[in-house]
Amino acid sequence: MSKHVFLTGPPGVGKTTLIQKVTQALKSSGISIDGFYTEEVREGGRRTGFDVVTLSGKRGPLSRVSSHSSTSRREYRVGQYVVDLVSFEQLVLPMLRNVNHGSDAEKKICVIDEIGKMELFSQPFIQAVRQTLTGSGTVVLGTIPIPKGKPLDLVEEIRSRKDVKVFNLVKTCP
C-alpha cells in the first residue's frame, strides 16, 4: 500500500494549485501538516523567479532571472534562473528537520512542492527528503517534474519506491 503521494505533470498543469487546495482542506480538518510550496514571482506580467513559501507563512527567494554570471562565487543555474541556495536551505531545512524529529506516534503530513532541478542543488535537502520518506510517522504529499532530459536521481528514486503513488496531472478542456 502507498504511504506517500506525489503529483507530476507538465509546468502550468496545476500541481501547486492542487497541493494548496488539499493543504487547506487538511488544515481545516485539524490534521497536522507542515511543508512548503514554490510560487512564481511575476513583475510586469513576466515571470522573474520563484519563491519558497512555508505552510507557516515564511517566504524567501528560490531563484531569480539573471542575465550575467558571477565569477566571484559558486552559482547554481537552471536556464535563465540563478538559484538562491542559502535562502532555500534556511527556509526548508529547519522545517524538514522538525517534521523528522517529531514523535512517531503523531502522524504528520509533510508537503514538499517541488523536488526539482533547483531544489536538488542542495545536498542537505536531498538527505532530509530521504529521511522524511523513511520516517514512520510522516506522510509526504509532494510534486516531482515529468521526466525530461537527464534523469534526476532523487526523482527517479521516489518514482520507484514501493511506498509511493505518483499521479500524472494532465490539462483537460473545460
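Reading the values: rules and limits
- Residues numbered from 1 in each chain as written.
- Predicted model: local features only at pLDDT ≥ 70, side-chain atom pairs only at ≥ 80, totals over all residues.
- Heavy atoms only, no water.
- Helix = DSSP H or I, 4+ residues; strand = E, 2+ residues; numbered from the N terminus.
- Rg over C-alpha atoms; globule rule 2.2 N^0.38 Å.
- Buried < 20%, exposed > 50% of the residue type's maximum accessible area, 1.4 Å probe, protein only.
- Contact = heavy atoms within 4.5 Å.
- Areas by Shrake-Rupley, 256 points an atom, 1.4 Å probe, with all protein chains shown as cover.
- Core = buried A, V, L, I, M, F, W, Y, C linked by side-chain atoms within 4.5 Å.
- Phe/Tyr/Trp six-rings, centres within 6.5 Å; stacked < 30°, edge-to-face > 60°.
- Lys NZ or Arg CZ within 6 Å of the ring centre and 35° of its normal.
- Pairing = 2+ DSSP bridges.
- Axes fitted to C-alpha atoms, helices over the stretch in contact; angles between N-to-C directions.
- Salt bridge = Lys/Arg side-chain N within 4 Å of Asp/Glu carboxyl O.

K.L.:
Provide a residue-level description of the overall build of the protein chain, including the pertinent values.
P.N.:
Scanning the protein chain from terminus to terminus reveals 4 helices and 9 strands. Moving toward the C terminus, one meets the helices and strands of the protein chain in the order β-α-β-β-β-β-β-α-β-α-β-α-β. The globule rule puts the C-alpha radius of gyration for 174 residues at 16 Å, and the 16 Å found for the protein chain is close to it. Overall, the protein chain is about 50 × 45 × 30 Å in size when its C-alpha atoms are taken along their principal axes. Scored against the burial criterion, the 174 residues of the protein chain give a buried share of 43%. Look at the contacts in the protein chain between residues 6 or more apart in sequence, and 63% of them connect residues 24 or more apart. Carbon together with sulfur atoms contributes 54% to the accessible area of the protein chain, which is approximately 9800 Å² in total.

K.L.:
Describe the environment of Val-53, and please don't skip the residues or the numbers.
P.N.:
By the element assignment, Val-53 lies in strand 3 (residues 46–54). Counting along the chain gives 14 residues from Val-53 to Glu-39, while the straight-line C-alpha distance between them is 7.1 Å. Those residues within four positions of Val-53 in sequence are excluded, and the remaining contacts are Gly-35, Phe-36, Tyr-37, Glu-39, Lys-58 and Arg-59.

K.L.:
Quick rundown of the nonpolar core? Include the residues and the values.
P.N.:
Residues Val-92, Ile-112, Ile-115, Phe-125 and Ile-158 are the most contacted members of the largest nonpolar core, which totals 32 residues. Within the residue set of this core, elements represented by two or more residues are strand 3, strand 6 (81–83), helix 2 (85–100), strand 7 (108–113), helix 3 (123–134) and helix 4 (153–160). Looking at this core element by element, the count peaks at 8 residues for helix 2. Not counting the four nearest positions on each side in its chain, Val-92 is found in contact with Phe-36, Val-52 and Phe-125.

K.L.:
Break down the packing of aromatic side chains for me, with residues and values.
P.N.:
Using the criterion set out here, one finds 5 aromatic pairs in the structure. Look at Phe-36 and Phe-88: their rings are 6.0 Å apart centre to centre, the planes differ by 80 degrees, and that puts the pair in the edge-to-face class. Of this pair, Phe-36 sits in strand 2 (residues 33–43) while Phe-88 sits in helix 2, and the two are 52 residues apart along the sequence. Given a relative accessible area of 1%, Phe-88 falls into the buried group. Every member of this aromatic cluster is reached through a ring pair, and the members are Phe-36, Phe-88 and Phe-125. In this arrangement the basic side chain of Lys-165 is found over the ring face of Phe-167, its NZ or CZ atom lying 5.4 Å from the centre.

K.L.:
Any details on the sheet that holds strand 3? Residues and values, ideally.
P.N.:
Read across the open sheet, the 9 strands follow the order 5-6-4-3-2-7-8-1-9; overall the sheet is mixed. Among the strands making up the open sheet, the edge pair consists of strand 5 (76–78) and strand 9 (164–168). Averaged over all neighbouring strand pairs, the angle between strand axes comes to 25 degrees, with direction disregarded. In the sheet, strand 7 pairs with strand 8 (residues 138–143) via 5 bridges, with the strands oriented parallel. Across the sheet, the residue bridging to Lys-108 is Thr-138, located in strand 8. Taken strand by strand, helix 1 (residues 15–28) contacts strand 1 (4–8), strand 2, strand 7 and strand 8, and its axis lies near 140 degrees from that of strand 2. In the packing of helix 2 onto the sheet, the strands contacted are strand 2, strand 3, strand 4 (59–65), strand 5, strand 6, strand 7 and strand 8, and the crossing angle to strand 2 comes to about 160 degrees.

K.L.:
Which residues make up the pattern of salt bridges, and what values go with them?
P.N.:
Tallying each qualifying case throughout the model produces 9 salt bridges. Asp-163 is paired through a salt bridge with Arg-161; the nearest N and O atoms lie 2.8 Å apart. What emerges from the salt-bridge pattern is a single network uniting Glu-39, Asp-51, Arg-59 and Arg-64.

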